[in-house]
Amino acid sequence: MRKQIAAANWKMNLTIDKAESLLDGIVSAGISLSGNHLAVFAVPFPYLQMAQQKISATNYFIAAQNCYSKKSGAYTGETSVEMLQSLHIKYVVLGHSERREYFQESNSFLAEKVNIALEYNITPIFCCGESLSIREAGTQNDFVAKQLQESLFHLSATDIQKIVIAYEPIWAIGTGKTATSEQAQEMHASLRNVLAEKYGKEVAGNISILYGGSVKASNAKEIFSQPDVDGGLVGGASLIVDEFVTIIKSLK
Ligand code: 13P
């Protein structure tokens, strides 16, 4: 049974005090997760260790929001997967649309990051998604399939099953404009089909595909209930205790 994941992406938000009280609030809600239900918190680098100490319950994990493609060396300002591994971090968000747009991260560069993360046993939460103009042109399925093909399809069948995919239509990020649950399901089914064509149905069926883009407490349950939607990657609503607690409880 593939994992159902409520993933928080804090992005570049919160001071340390606010970050601590957000995590305290979530911990004190005492939601116990078991089996294939997971909660993941992608926090800014300076808070990784604090978050790791606060979030210790079963099936709760801390993620980094990025990493560099090299093991170590003279790369001022970058963070290696070796550093993340030394902090026992198990997940890293890669290829978020904000990194693609503001830091020119390409599909081939992301393939390198995926490789090094897997080498260090850190699970990439690999983001993909189309802009509004691509959606309006109706070419979104091919566009997103290409993101997967160019960054992930060099992986073996064993390794591709270690990846978590997050489909985040750019036009739905931070806009309050969610994809409808039908639009999310349609894209997720299309991606699973692309994965199945390359790796077979069984492998494709094991890969979690999260939806991201204006997920909140009030719409999470409906979006997550779609058969190919395996939870969400949540920005704004993950910064509010009650919102994110409800989102975790909305996993199917
Ligand atoms: P919002 O939930 O704020 O739309 O952000 C989505 C996102 O980018 C998560 O990675």
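Analysis parameters
Residues numbered from 1 in each chain as written. Predicted model: local features only at pLDDT ≥ 70, side-chain atom pairs only at ≥ 80, totals over all residues. Heavy atoms only, no water. Near = heavy atom within 4 Å. Polar contact = N/O pair within 3.5 Å; in protein donor to acceptor, adjacent residues only side chain to side chain. Areas by Shrake-Rupley, 256 points an atom, 1.4 Å probe, with all protein chains shown as cover. Nonpolar A, V, L, I, M, F, W, Y, C, P; charged D, E, K, R; others polar. Buried < 20%, exposed > 50% of the residue type's maximum accessible area, 1.4 Å probe, protein only. Helix = DSSP H or I, 4+ residues; strand = E, 2+ residues; numbered from the N terminus. Pairing = 2+ DSSP bridges. Arc of directions from axis to C-beta. Contact = heavy atoms within 4.5 Å. Axes fitted to C-alpha atoms, helices over the stretch in contact; angles between N-to-C directions. Parallel < 35°, antiparallel > 145°, perpendicular 65-115°, else oblique. Left-handed = near helix turned anticlockwise from the far one by under 90°. Salt bridge = Lys/Arg side-chain N within 4 Å of Asp/Glu carboxyl O.

### Structural notes on the site of the ligand
So, step 1. Residues in close proximity to the ligand total 13 residues, the closest being K11, H96, G174, S214 and G236.
So, step 2. Side-chain polar atom of H96 to an oxygen atom of the ligand: 2.8 Å apart, as the coordinates give it.
So, step 3. Between the ligand and G235 there is a distance of 2.9 Å, counted from an oxygen atom to a backbone nitrogen or oxygen.
So, step 4. In isolation the ligand offers 310 Å² of accessible surface; the protein chains occlude 95% of this area.
So, step 5. Grouping the amino acids of the shell around the ligand by side-chain chemistry returns four nonpolar, seven polar and two charged.

### Overview of the pairing of strand β7 (residues 209-212)
So, step 1. A two-sided burial pattern is seen for β7, the buried positions comprising I209 and Y211 on one face and L210 and G212 on the other.
So, step 2. Bridge count for strand β6 (residues 164-167) against β7 is three bridges, and the pairing is parallel. Along β7, the bridge assignment pairs A166 with L210.
So, step 3. Bridging between β7 and strand β8 (residues 231-234) involves two bridges; their strand directions are parallel.

### Describing helix α12 (residues 241-249)
So, step 1. All buried positions along α12 are accounted for by F244, V245, I247 and I248. Buried residues of α12, seen end-on, are gathered within an arc of 160° and therefore sit on one face of the element. Set apart from the buried face of α12 by more than 90 degrees, the exposed residues are D242 and K249.
So, step 2. The elements touched by buried residues of α12 are β1 (4-9), α1 (16-28), β2 (37-42), α11 (217-224) and β8.

### Structural notes on the packing of α11 against α12
So, step 1. Running from N to C, α11 and α12 cross one another at 15°; their axes reach a closest spacing of 8 Å. Comparing their axes, α12 and α11 come out roughly parallel. The crossing of α11 and α12 is right-handed. Mapping the contact onto sequence places A217, A220, K221 and F224 in α11 and E243, T246, I247 and K249 in α12.
So, step 2. Of the residues in the contact of α11 with α12, the class split is four nonpolar, one polar and three charged.

### Considerations on the environment of F45
So, step 1. Here F45 lies in the loop between β2 and α2 (48-54).
So, step 2. Those residues in contact with F45 that lie beyond four places of it in its chain are A64, N66, T79 and L84.

### Overview of the pattern of salt bridges
So, step 1. Enumeration according to the criterion identifies twelve salt bridges in this entry.
So, step 2. Between R2 and D230 there is a salt bridge, with the nearest N and O atoms lying 2.8 Å from each other. Within this pair, whereas R2 is found in the segment before β1, its partner D230 is found in the loop between α11 and β8, the two being separated by 228 residues in sequence.
So, step 3. Residue R2 is classed as buried on the basis of its relative accessible area, which comes to 17%.
So, step 4. You can call D230 buried: its relative accessible area is 0%.

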